[in-house]
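Secondary and tertiary structure notes
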Amino acid sequence: MIDVSPALEAQIKAEGLTLEEYRWVCDRLQRQPNRAELGMFGVMWSEHCCYKNSRPLLKQFPTQGERILVGPGENAGVVRITDRLAVCFKIESHNRPSAIEPYQGATTGVGGILRDIFTMGARPVALLNALRFGDPQDPWVRSRVRGIVAGIAGYGNCVGVPTIGGETYFDPAYQRNPLVNAMAIGILETQEIVTSAAAGIGNPIVYVGSTTGRDGIKGASFASAELSDRSEQSRPAVQVGDPFLGKCLIEACLESFHTGAVVAAQDMGAAGLTCSTAEMAAKGGVGVLLDLDRVPARETGMVPYEYLLSESQERMLFVITRGREAEVIPIFHRWGLHAVVVGEVIAEPVVRILWRGAVAAEVPARALAEDTPLYHRTLSEPPEYATTAWNWTESLPTEDGRSPQQIFLSLLASPNLASKAWIYRQYDQQVQNNTVLLPDQGDAAVIRLRPPTGIPSAATPWVGLAATLDCPARYVYLDPYRGAALAVAEAARNLSCVGAVPLAVTDNLNFGSPEHPVGYWQLHEACRGIAEACRQLNTPVTGGNVSLYNETIDSQGTSRPIHPTPVIGMIGLLEDVRLTCGQGWRQVGDLVYLVGSLTASLAASEYLYVCHGQTTGRPPALDWNLERTVQSVCRQGIAQGWVRAAHDCAEGGLALALAEAAIAGNHGATLSLPHGDSLAVRQMLFGEAPSRIVVAIAPEYRQVWEETLRQQQVPHYELGVVIPADQPFTLWVGETAVILLSLDELQQCYRGALAHALEAPLP
Amino acid sequence: MTLTFGIIVFPGSNCDRDVAYVTADLLQQPTRLIWHQETSLDGVDVVVLPGGFSYGDYLRCGAIARFAPIMPAVLEHAAAGKWVLGICNGFQILTELGLLPGVLVRNRSLHFICDRVPVSVARTDLVWTQHYHLNQVLSLPIAHGEGCYYADGTTLATLERERQVVWRYGEPNPNGSAHGIAGICNSAGTILGMMPHPERAADALLGCTDGLALFQGLLQAAGTAKKRSAVACSGASGGDQG
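Residues numbered from 1 in each chain as written. Chains lettered and ligands numbered in written order. Predicted model: local features only at pLDDT ≥ 70, side-chain atom pairs only at ≥ 80, totals over all residues. Heavy atoms only, no water.

Here the focus is the sheet that holds strand E6 (residues 113-121) of chain B. Residue and element names in this part refer to chain B. Read from one edge of the open sheet, nine strands run E2-E1-E3-E4-E11-E10-E9-E6-E7, paired in mixed fashion. The sheet is open, and its two edges are formed by strand E2 (31-35) and strand E7 (137-144), each paired on a single side. Each strand of the sheet is rotated relative to its neighbour by a mean of 25°, with strand direction disregarded. One ladder, built from three bridges, connects E6 with strand E9 (residues 165-169); its direction is antiparallel. Its bridge partner lying in E9, Val119 is registered against Tyr169. In the packing of helix H2 (residues 71-79) onto the sheet, the strands contacted are strand E1 (5-9), strand E3 (46-49), strand E4 (83-87) and strand E11 (191-194), and the crossing angle to E3 comes to about 130°. In this fold helix H3 (residues 89-97) packs onto E3, E4, strand E10 (181-185) and E11, with an angle of close to 120° to the strand it touches most, E4. (Pairing = 2+ DSSP bridges. Helix = DSSP H or I, 4+ residues; strand = E, 2+ residues; numbered from the N terminus. Axes fitted to C-alpha atoms, helices over the stretch in contact; angles between N-to-C directions. Contact = heavy atoms within 4.5 Å.)

Phe318 and Phe332 of chain A together with Trp167 of chain B are the most contacted members of the largest nonpolar core, which totals 139 residues. Looking at which element gives the most residues to this core, the answer is helix H10 (residues 243-257) of chain A, with nine residues. Filtering out sequence-adjacent residues up to four positions away, Phe332 of chain A remains in contact with Val208, Leu249, Ala252, Cys253, Ser256, Phe318, Leu337, His338 and Ala339 of chain A. (Core = buried A, V, L, I, M, F, W, Y, C linked by side-chain atoms within 4.5 Å. Buried < 20%, exposed > 50% of the residue type's maximum accessible area, 1.4 Å probe, protein only.)

In this section: unusual backbone geometry. The peptide bond linking Glu171 of chain B to Pro172 of chain B adopts the cis configuration, its omega dihedral lying at -5°. Looking at where Pro172 of chain B falls in the secondary structure, it is placed in the loop between E9 and E10. The phi angle at Gln432 of chain A is positive, at roughly 85°, despite the residue not being glycine. Relative to the assigned elements, Gln432 of chain A resides in the loop between helix H17 (421-424) and strand E15 (435-437). Classification of Gln432 of chain A by relative accessible area gives buried; the value is 13%. Of note in the backbone geometry, Ala604 of chain A takes a positive phi value of approximately 60° without being a glycine. With relative accessibility at 1%, the residue Ala604 of chain A sits in the buried group.

Residues and elements named next belong to chain A. Within this structure, the stated rule accounts for four cavities of 30 Å³ or more. In this structure, the largest cavity encloses a volume near 770 Å³. Every residue lining the largest cavity is counted, 40 residues in all, and those nearest its centre are Gly166, Glu167, Asp440, Gly442 and Asp443. Only strand E4 (122-133), strand E5 (163-170), H17, strand E17 (464-470), helix H19 (480-497), strand E24 (643-648) and helix H23 (653-665) provide two or more residues apiece to the lining of the largest cavity. No other element matches E5, which puts seven residues into the lining of the largest cavity. Approximately 140 Å³ is the volume attributed to the second largest cavity. As for the second largest cavity, its lining consists of 16 residues, and the residues nearest its centre are Tyr169, Asn416, Pro472, Ala473 and Arg474. For the lining of the second largest cavity, the elements supplying multiple residues, two or more each, are E5 and helix H18 (473-478). If one sorts the elements of the lining of the second largest cavity by residue count, H18 sits on top with three residues. Across the lining of the second largest cavity, the residue classes break down as eight nonpolar, two polar and six charged. (1 Å grid on protein atoms, 1.4 Å probe; cavity = no way out; pocket = protein on both sides within 12 Å on 5 of 7 lines; lining within 4 Å. Points joined across faces, edges and corners; volume = space filled by probe spheres on them. Nonpolar A, V, L, I, M, F, W, Y, C, P; charged D, E, K, R; others polar.)

Our focus in this paragraph is the interface of chain A and chain B. Opposite the 34 residues of chain A that make contact, chain B presents 27 residues. Roughly 2,600 Å² is buried in total at the junction of chain A and chain B, and carbon and sulfur atoms are behind 54% of that figure. Across the contact surface, chain A and chain B share four salt bridges. Arg17 of chain B serves as the salt-bridge partner of Glu251 of chain A, at 3.7 Å between the closest nitrogen and oxygen. In this structure, the connection of chain A to chain B is made through 10 residue pairs in polar contact (both at pLDDT 80 or more). If you list the elements that add at least two residues to the side of chain A that touches chain B, you get helix H8 (139-159), H10 and E15 of chain A. In terms of residue count, H10 of chain A provides more of the side of chain A that touches chain B than any other element does, five residues in total. When the residues that make up the side of chain A that touches chain B are grouped by side-chain class, the tally is 13 nonpolar, 10 polar and 11 charged. (Buried area = accessible area lost by both parts, 1.4 Å probe. Salt bridge = Lys/Arg side-chain N within 4 Å of Asp/Glu carboxyl O. Polar contact = N/O pair within 3.5 Å; in protein donor to acceptor, adjacent residues only side chain to side chain.)

This is the structure:
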């Protein structure tokens with residue numbers, strides 16, 4: 001039994017480890033760790049690095065598929081697009097740093113996910129982001145919105161990677177715990193995918209990029225703890241990004257991979273040198289010798305603990321074929337970056353750290369990177385908040401005297417539904433000259449995939465990629481299993497709405513503490529829902545990120561978790577990007593149809609939230625056959641040229657989907673729905689249900705379109721016709737025009753709402 | 001008839017490949033990417049200073065780029081009356097170099113703005129704009145944080161008097177530029193600086209082609225000029241397509 005003094009105990013806790021975990025460390029080392037080693041275990045055994053709580057749950061995700069070239073475990077997943085073209089993509093969170101230091105937190109989130117992409121030998125071609133904030137009227141929240149959006153823009157715009165899409169929601173559940181998830185996509189530039197397994201005893205380890213400083217020390221452990229009023233003191237754990245160096249690093253790395261001399265590459269993100277050495281060694285079944293005295297340092301007097309745990313940005317570690325250093329190192333010098341041999345690959349499977357001529361730390365690589373703690377927790381019964389919500393019934397939301405048009409305008413102006421132009425106008429969406437559908441134009445972002453230089457484009461000149469991020473977190477909160485499945489289905493539906501075939505998923509699991517029974521129940525059920533949905537839709541998970549302990553502890557010590565938010569990033573293939581389809585109506589006379597059922601529920605709806613201040617009801621279960629058919633018939637219609645606009649019916653229901661199609665395409669419409677009582681009208685207009693798409697059909701294809709729907713037994717409803725922009729947007733229910741507004745009124749309401757919410761003077 | 005484009009690549013440039021896509025891929029013109037540490041522009045007809053964040057735009061946009069080793073060659077090229085196009089960061093560099101007057105300061109909103117905005121053509125007697133109509137309103141992409149054109153009253157008056165304003169923003173003015181200026185040229189009309197990105201508006205697939213005519217105007221002018229000199233030299237006439 002190891003004797004732990006109170007001072008040591010405090011140190012262990014400061015590293016984010018439990019006493020039990022400390023004993024496991026001693027078992028693996030056969031001795032007690034020194035300060036540097038303890039720090040290494042602290043970061044590597046954090047949830048952020050080793051997934052000790054979530055790994056058993058992640059195992060159930062489907063990860064194989066005929067197009068999946070690299071699944072979970074590497075820096076990013078790789079998917080085959082054509083015989084000669086593959087894309088690499090991944091999502092990552094930077095929640096805690098962004099709460100404390102919004103600009104730098106968000107900036108380094110973008111920088112980090114980009115490094116994951118180009119580490120694999122891929123040129124980054126697109127970024128997306130999913131954001132969650134509290135009440136936009138709250139000054140603290142506003143400062144986070146401003147800082148985080150500017151930070152994302154600051155990095156992405158400067159490195160020249162377009163930010164093509166994303167999603168943003170506001171809910172008090174994120175009041176002091178904003179979420180920042182960034183996804184990046186790249187095109188593989190080299191024939192061989194660059195992986196991270198170190199190989200070749202005696203091969204040099206080369207440190208490239210920026211210098212190592214004292215910034216971001218222990219960021220990974222900080223990212224695995226709750227936020228409190230003392231979190232401000234963790235500001236030094238927030239890294240500082242330099243997009244200019246990031247851009248130079250991209251170019252230098254891709255150029256150096258072309259030499260063929262790079263055996264392995266690993267970016268230094270969370271846990272810096274510790275993580276990169278341990279993972280490269282463990283994956284290769286070898287060891288790594290690292291001499292800290294050769295590491296380019298930003299400041300003097302740093303000790304091993306600081307070198308090893310620094311999360312300074314824009315750094316990478318390479319293994320290079322011995323004797324070929326001279327082919328690689330000058331490339332970095334030309335880009336004004338450091339490139340230094342700092343160690344070598346050794347046979348003994350340990351990470352051995354030298355400092356001032358002596359061994360400063362020596363740890364078995366597997367103990368840091370693979371033989372890590374694992375917690376199997378017990379699943380509780382559904383918590384009371386959920387069962388109460390499930391008892392809610394449709395007839396409960398009482399008539400409050402507001403007309404359908406008043407409700408409609410309130411929804412259109414709600415920050416969650418209104419245009420996010422205030423945000424995306426700050427992002428360069430167009431650099432690289434490949435963006436086919438801009439934000440607000442389509443349900444998913446669409447880019448052309450231009451093959452890298454050297455690969456002839458003649459074979460597939462028009463191949464395109466669609467990408468989306470989705471998470472209806474209110475659904476997930478109210479029923480994590482159904483909600484997470486709905487998130488996957490919505491992502492796939494958004495891709496289908498632009499005509500793309502869904503291919504693969506990257507997921508970002510943002511949850512509260514798994515140590516609380518409710519938190520664990522949410523995580524467990526959401527993972528089950530994602531796994532089921534990904535199997536049903538044939539979209540394997542290629543990797544992702546887990547961010548737990550998203551809780552705010554107030555000064556009274558009460559911990560408040562966020563809504564469980566499993567953000568689904570999904571990519572889809574467009575064989576011919578010219579055939580893609582936006583959400584806006586473009587042609588007078590086109591026929592508007594609802595594909596899917598007219599029946600929808602007010603449970604868990606934006607309507608209940610906005611008009612009644614309620615987050616309640618049970619989100620619907622998916623009918624997988626219906627979901628697949630609705631999506632495939634939509635893709636078929638787009639590929640055939642029958643469908644000229646397609647838009648998913650999401651939050652806000654049918655009425656909002658119709659309004660968005662009118663606004664995006666700058667056309668009005670006359671639409672009618674069957675007669676019903678007040679509740680039925682609200683359900684039809686504002687009720688939410690999956691497996692529903694609003695499409696506009698070229699009139700000459702009416703017959704073949706209806707025939708196709710009938711043959712495939714897809715429920716559908718013909719709503720009306722597209723009319724010129726100077727005629728009003730009119731929605732009839734039976735004999736009454738319940739919504740009658742000019743397109744100008746719709747546009748002003750939709751486009752001005754978010755700026756107003758974020759910038760209007762506070763009372 | 002061909003025209004050789006030389007696109008200067010600074011560390012931090014990020015629209016260099018986009019310009020090359022238009023000149024080399026779409027227009028099939030010889031195109032060279034020229035590293036900032038080179039010192040010669042041999043054979044280049046048009047120098048393009050592309051958009052991006054040269055040297056991180058640290059200190060001030062374009063302030064460091066003016067000291068790049070390639071710059072003496074660019075100045076010589078400009079002094080010889082040859083064509084120079086600066087787009088976005090390139091425009092900022094041209095003002096730092098003193099090849100164009102004025103400065104580009106932070107947008108009025110203090111935010112980076114990326115959008116497609118209306119831009120009108122203020123004169124059409126330049127090679128750059130000869131394929132447009134006077135006062136034609138184009139839709140052109142902008143993407144900048146420091147695109148608000150500023151100059152003192154005398155300079156602005158000179159610019160207007162000498163008809164050096166080439167492009168003007170429509171209403172609402174997106175960034176607060178003086179006189180709605182989106183782009184200006186030198187008095188000879190050979191050096192053009194503009195914040196909008198014509199290279200992002202040249203490919204029909206991307207839904208916006210209003211910038212293509214700028215490059216086509218250049219090609220036509222090159223055809224005419226070279227044809228004339230060919231006629232003068234040998235009396236032969238080429239099969240120029242312009």
